Amino acid sequence: MEFTSKLELPVYRGDVRFTSFNIGNYFDVLKYIINNDDIGLSVYFEELLKYSISDLTLYKKLTNVDKFLILLDMRIYALGDFIQLKGNTKESVVKISLTNIKNNIIKKLKNYDLFQFNKFEYNGIVVTLNLPKKLYITDSDELWLDVLDTLEVGGEFMDFNQLSDADKTVIEQNLPANFGSDIVSFVNISQYKTHSIDLIKEMTGAGVKGIPLNLYDNTIFSFLKSIFSDSLAGLYELEYAMTTKLNVEYGRFIKMTPLEARMFINFYNKEQKELEESNNSNKSKVPSIKR
Amino acid sequence: MSISGILSKLKDVSDASLVDIFIPSLGKPVKFKQLTVKQQKDLMKTALDGILSPLTFINTINNIILENKMEEGELLTTDRFPIILELRRSSFGSEVIIDDKIETKTYNLDEILKRELVFDYKSVINLELDGTELVVSLEVPSIKNDVSINGIHLTELRKDKNIEVSDTIGSLFVYEIVKFVKGIRIGSETIDLTKETVPDRIKVIENLPTALNNSILDYIKSFRTKESEYSSEIPLDARLFSK
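Caption draft 1: A look at the overall build of chain B. From N to C terminus, chain B includes 9 helices and 8 strands. Taken over the C-alpha atoms alone, chain B extends approximately 65 × 40 × 40 Å along its principal axes. Summarising the internal contacts of chain B: among those between residues at least 6 apart in sequence, 69% fall at separations of at least 24. Surface accessibility of chain B: about 12,600 Å² in total, with carbon and sulfur atoms responsible for 50%. Measuring between centres, the 32 positive side-chain charges of chain B sit 6 Å from its 39 negative side-chain charges.

Caption draft 2: Fine view of the packing of aromatic side chains. Residues and elements named next belong to chain A. Using the criterion set out here, one finds 16 aromatic pairs over all chains in the structure. Considering the side-chain rings of Tyr-122 and Phe-179, the 6.5 Å spacing of their centres and the 80 degrees angle between planes classify their relative orientation as edge-to-face. You can see Tyr-122 sitting in strand E5 (residues 119–122) and its partner Phe-179 sitting in helix H8 (residues 178–195), a full 57 residues away along the chain. The class of Tyr-122 is partly exposed, set by a relative accessible area of 21%. A residue is classified by how much of its surface remains accessible, and Phe-179, at 2% relative accessible area, is buried. A centroid spacing of 6.3 Å and a plane angle of 45 degrees characterise the contact between Tyr-250 and Phe-253, whose relative ring orientation is tilted. Taken as a pair, Tyr-250 and Phe-253 lie in helix H11 (residues 250–253) at a separation of 3 residues, close to a single helical turn. Using a relative accessible area of 43% as the deciding quantity, one classes Tyr-250 as partly exposed. Take Phe-253: its relative accessible area is 0%, and that puts it in the buried class.

Caption draft 3: Summary view of the interface of chain B and chain A. Contacts between the two partners involve 23 residues from chain B, matched on the other side by 31 residues from chain A. Where chain B abuts chain A, roughly 2,400 Å² becomes buried across the two surfaces, and 68% of that area is made up of carbon and sulfur atoms. The largest per-residue losses of area from chain B upon contact with chain A belong to Leu-10, Val-37 and Lys-41 of chain B, which jointly make up 26% of the total buried on that side. Applying the counting criterion to the chain B and chain A interface returns 3 salt bridges. A salt bridge links Asp-141 of chain A to Lys-41 of chain B, with the nearest nitrogen and oxygen atoms 3.4 Å apart. Counting every contact that joins chain B to chain A gives 7 residue pairs in polar contact (both at pLDDT 80 or more). At the level of elements, helix H1 (3–16), helix H2 (37–45) and helix H4 (80–92) of chain B are the ones that each hand at least two residues to the side of chain B that touches chain A. When residues in the side of chain B that touches chain A are grouped by element, the largest group, 7 residues, is from H1 of chain B. For the side of chain B that touches chain A, the per-class residue count stands at 10 nonpolar, 8 polar and 5 charged.

Caption draft 4: How the structure looks around a nonpolar patch on the surface. A contiguous nonpolar patch, built from Met-263, Phe-264 and Phe-267 of chain A and spanning about 310 Å² of accessible area, is present on the exposed surface. For Phe-264 of chain A, the position within the fold is in helix H12 (residues 258–278).

Caption draft 5: Fine view of the sheet that holds strand E8 (residues 189–192) of chain B. Residue and element names in this part refer to chain B. The strand order across the open sheet formed by 4 strands is E5-E6-E7-E8, and the pairing between neighbours is antiparallel. The open sheet terminates on both sides in strands that have one partner only, identified here as strand E5 (125–128) and E8. Strand-to-strand twist in this sheet, taken as the mean axis angle between neighbours without regard to direction, amounts to 20 degrees. As paired strands, strand E7 (residues 181–186) and E8 are joined by 4 bridges and run antiparallel to one another. Paired with Gly-183 across the two strands is Asp-192, which belongs to E8.

Caption draft 6: Molecular detail of the packing of helix H4 (residues 64–79) of chain A against H12 of chain A. All names here are of chain A. Their axes nearest at 6 Å, the elements H4 and H12 cross at an angle of 10 degrees. Classified by the interaxial angle, the pair formed by H4 and H12 is roughly parallel. On H12, the residues that touch Ile-76, Tyr-77, Ala-78 and Leu-79 of H4 are Pro-258, Leu-259 and Arg-262. Here the residues of the contact of H4 with H12 are counted per class, giving 6 nonpolar, no polar and 1 charged.

Caption draft 7: Focus on the side chain of Lys-168 of chain A. Along the chain, Lys-168 of chain A falls in helix H7 (residues 165–172). Despite its burial, Lys-168 of chain A pairs with no opposite charge, the nearest such side chain being Asp-165 of chain A at 4.1 Å.

Caption draft 8: Representation of the environment of Ile-97 of chain B within the structure. Residues and elements named next belong to chain B. Mapped onto the elements, Ile-97 comes out in strand E3 (residues 95–99). The sequence separation of Ile-97 and Arg-239 amounts to 142 residues, and the corresponding C-alpha distance is 8.6 Å. Setting aside residues up to four positions removed in sequence, Ile-97 forms contacts with Thr-104, Lys-105 and Thr-106.

Caption draft 9: How the structure looks around the sheet that holds strand E8 (residues 156–159) of chain A. Residue and element names in this part refer to chain A. On the basis of which strands lie adjacent, the open sheet formed by 4 strands has the order E5-E6-E7-E8 and antiparallel pairing. Of all the strands in the sheet, the pair left with one neighbour each is E5 and E8. Within this sheet the neighbouring strands show an average axis-to-axis angle of 15 degrees, counted without direction. Of the pairings in the sheet, the one linking strand E6 (residues 125–129) to strand E7 (residues 148–153) comprises 5 bridges and is antiparallel in character. Looking at E7, one finds that Val-126 is bridged to Glu-152. Contacts between H8 and the sheet are confined to E5, E6 and E7, with E5 contributing the most and set at about 165 degrees to the helix.

Caption draft 10: Quick look at the pattern of salt bridges. This model, assessed by the stated rule, comprises 26 salt bridges over all chains. With a closest N to O distance of 2.6 Å, Asp-165 of chain A and Lys-134 of chain A form a salt bridge. Of this pair, Asp-165 of chain A sits in helix H7 while Lys-134 of chain A is found in the loop between E6 and helix H6 (140–146), placing the two residues 31 residues apart along the sequence. Residue Asp-165 of chain A is classed as partly exposed on the basis of its relative accessible area of 33%. For Glu-227 of chain B, the salt bridge goes to Arg-224 of chain B, with nearest N and O atoms at 3.4 Å. Here the residue Glu-227 of chain B and the residue Arg-224 of chain B both occupy positions in helix H9 (residues 210–230), the gap between them amounting to 3 residues, near one helical turn. The exposure class of Glu-227 of chain B is buried, given its relative accessible area of 7%. When its relative accessible area of 27% is taken as the criterion, Arg-224 of chain B is described as partly exposed. Through salt bridges that share partners, Arg-80, Asp-146, Glu-176, Lys-179, Arg-224 and Glu-227 of chain B make up one connected network.

What counts, and at which threshold
- Residues numbered from 1 in each chain as written.
- Chains lettered and ligands numbered in written order.
- Predicted model: local features only at pLDDT ≥ 70, side-chain atom pairs only at ≥ 80, totals over all residues.
- Heavy atoms only, no water.
- Helix = DSSP H or I, 4+ residues; strand = E, 2+ residues; numbered from the N terminus.
- Contact = heavy atoms within 4.5 Å.
- Areas by Shrake-Rupley, 256 points an atom, 1.4 Å probe, with all protein chains shown as cover.
- Lys, Arg positive; Asp, Glu negative; His and termini not counted.
- Charge placed at Lys NZ, Arg CZ, Asp CG, Glu CD.
- Phe/Tyr/Trp six-rings, centres within 6.5 Å; stacked < 30°, edge-to-face > 60°.
- Buried < 20%, exposed > 50% of the residue type's maximum accessible area, 1.4 Å probe, protein only.
- Buried area = accessible area lost by both parts, 1.4 Å probe.
- Salt bridge = Lys/Arg side-chain N within 4 Å of Asp/Glu carboxyl O.
- Polar contact = N/O pair within 3.5 Å; in protein donor to acceptor, adjacent residues only side chain to side chain.
- Nonpolar A, V, L, I, M, F, W, Y, C, P; charged D, E, K, R; others polar.
- Patch = residues over 30% accessible without salt bridge, like charges linked within 9 Å, V, L, I, M, F, W, Y side chains within 5 Å.
- Pairing = 2+ DSSP bridges.
- Axes fitted to C-alpha atoms, helices over the stretch in contact; angles between N-to-C directions.
- Parallel < 35°, antiparallel > 145°, perpendicular 65-115°, else oblique.

Laid out in structure tokens, this is it:
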């Protein structure tokens, strides 16, 4: 049984447990980023979440911001809490805590009742809407389908989250157009409310531009891409060091988080340094591994 | 809960809320299904088609009219206005506010739809070029033919990624004439153009004397003028459906 982390999600309004982001995942993510394959990366993130959460019914209920927070949490535990942002000069580099970003978003979203304006009725048909589910939206067609949450008519109830996109399109082709205006108004209102939440807070002194939380234009996907970006070559170096110098079995290595692997490298380097110091008289050179 | 169960219930609601729309060419009301979310979305998306959007909008409207019509009977392009406006009113109400950045105008569809849109329909109009034996026969095109010719026109326009506005407007005139010209008679020789391919019809139209083309355009304009008076010049584009 794998270790799982727990997070309270503000839009799903419940706890979710998920497994860690490991080196095997990291290799895959970096390859998608290097290939500039946003669609591939978004599909990978969705599959990673499905596997990590392991409850498919629950996964289908998660909105894009819930998924974003889980991936943010995974990133913090796998790669560390801090990122560096460049300001408007070469010298101005600001360290930002991802935990602070995560906690701020959770706190502010918990205070918003997005659901006071998400239920619409016309001619005996009741439709409820929710924030989009997909981390990456390719066009407005997808967005309209993605905010549909439930439908009730003539005693029949449908959960849109359990449907394929093709089935959702068929329903959309038979829903009265009155709901189209409701969708537009829901998107506008929820966008306005979440826009007041900072993803990155503006820091005028350091020349760092603020980024508001926008859930309808792939801002959060782009942010995830940037905080997961790193050197693939560096990861291969880590693999080489762990498997050849520390003799860690490959299967065990790829299941570690990068932070765990780097901890082992640091222990090894420390040990080698102590050995070198104690063997000073022999002047033996032991290779040390730099990261 | 199943897709077919839900669809059946949605169909029941749709069938119970059909709209009667008076069709000028038929002289009687015809039942239509109301607009769907997908159709509204398709209409709004045409606003993003740049210089092609007037054509994509009209063709989207044409397809919606054909899909939502619940009775038999050929509809003509001159029937479009009352159908579009009534479908709009049934889904979104009679007030239309259009903000074109210069001014905001409000239209009341209740007032517009009270008016009668009367055209002088004859099955075929013959226009003769003075001093010649050249006669063109004109008729108002059906919506079905309009869809088909617009489809070909859009395919042609999309081939050229660097198309200019002037090219689009020029081709719009030619294709519009193609839709209205049913046949040509020169002396005793007659050709039914509706049986020819659209590219061939274009070639014929492009070789007609300018004076005749101008007369054809005047005939077409007579319908557009009446539509404009009927609709208080309400713009016929995606803004009509983005409530």
